[in-house]
Amino acid sequence: MSGSLLDADALIGCPHGGRVSAATTSTGGVRAGGAAVATAAHSYVVTGCPHTVNGAPSPCVTVRWAADGSGITVDGAPVLLDTSAAQCFTAAFVPQGPPVVQAAQRKVTVR
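Residues numbered from 1 in each chain as written. Predicted model: local features only at pLDDT ≥ 70, side-chain atom pairs only at ≥ 80, totals over all residues. Heavy atoms only, no water.

**Some thoughts on the pairing of strand S6 (residues 44-47)**
Along any regular strand the residues' side chains alternate between the sheet's two faces. The criterion, for reference: Any residue under 20% of the maximum accessible area for its type is buried, any over 50% is exposed, and the rest in between are partly exposed; the area is computed with a 1.4 Å probe on protein chains only. Only DSSP runs of H or I with at least four residues qualify as helices, and only runs of E with at least two residues qualify as strands; both kinds are numbered from the N terminus onward. Strands were regarded as paired on the criterion that DSSP finds at least two bridges between them.
In S6, alternate side chains face the same way, and those of Tyr44 and Val46 are buried while those of Val45 and Thr47 on the opposite face are not. Sheet topology note: the strand S3 (residues 19-22)/S6 ladder contains four bridges and is antiparallel. The residue bridging alanine 22 from the neighbouring strand is tyrosine 44, located in S6. Sheet analysis places S6 next to strand S9 (residues 62-65), joined by two bridges and oriented antiparallel. Across the sheet, the residue bridging to valine 45 is threonine 62, located in S9.

**Describing the pairing of strand S12 (residues 86-89)**
In this structure, S9 lies alongside S12, joined through four bridges in antiparallel fashion. When the bridges of S12 are listed, arginine 64 appears paired with glutamine 87. What sits between S12 and strand S13 (residues 95-97) in their antiparallel hairpin is a turn of five residues, with phenylalanine 93 showing a positive phi close to 60°.

**Quick word on the nonpolar core**
Rules: To qualify as a nonpolar core, a set must consist of buried Ala, Val, Leu, Ile, Met, Phe, Trp, Tyr and Cys residues joined through side-chain atoms within 4.5 Å. The contact definition used throughout considers only heavy atoms, calling two residues in contact when any of these lie within 4.5 Å.
In this structure, Leu6, Tyr44, Val46, Val63 and Trp65 are the most contacted members of the largest nonpolar core, which totals 15 residues. Among the secondary structure elements, those contributing two or more residues to this core are S6, S9 and S12. Contact partners of tryptophan 65, with chain neighbours within four places excluded, come to Leu6, Ile12, Tyr44, Leu80, Leu81, Ser84, Ala85, Ala86, Pro99 and Val101. Counting residues in hydrophobic clusters, the runner-up holds six residues, among them Leu5, Ala32, Val79 and Leu81.

Next up, the structure:
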């Protein structure tokens, strides 16, 4: 598995143009370029999603990342790569599609 390491400064959006950001980050932990390395243990929220279904608002509000099998962890939680599986959800936990990673940090290759 390979991919680019995500950190707190990564530009991530929902499939409809909302902005994804970490609601929680580690207070210590590992940093890349001064920003906290993103892990599957952190909570992620979506703001500004304009998605509607049949004219009714149905915005993405959260993202859940699946822990991958890279074996790389920070504080016991799997790190997130731009290739990590994830899904955006509504407040009613309806899946809305995967997030779009627009920018990420350093390349990681696991063998």
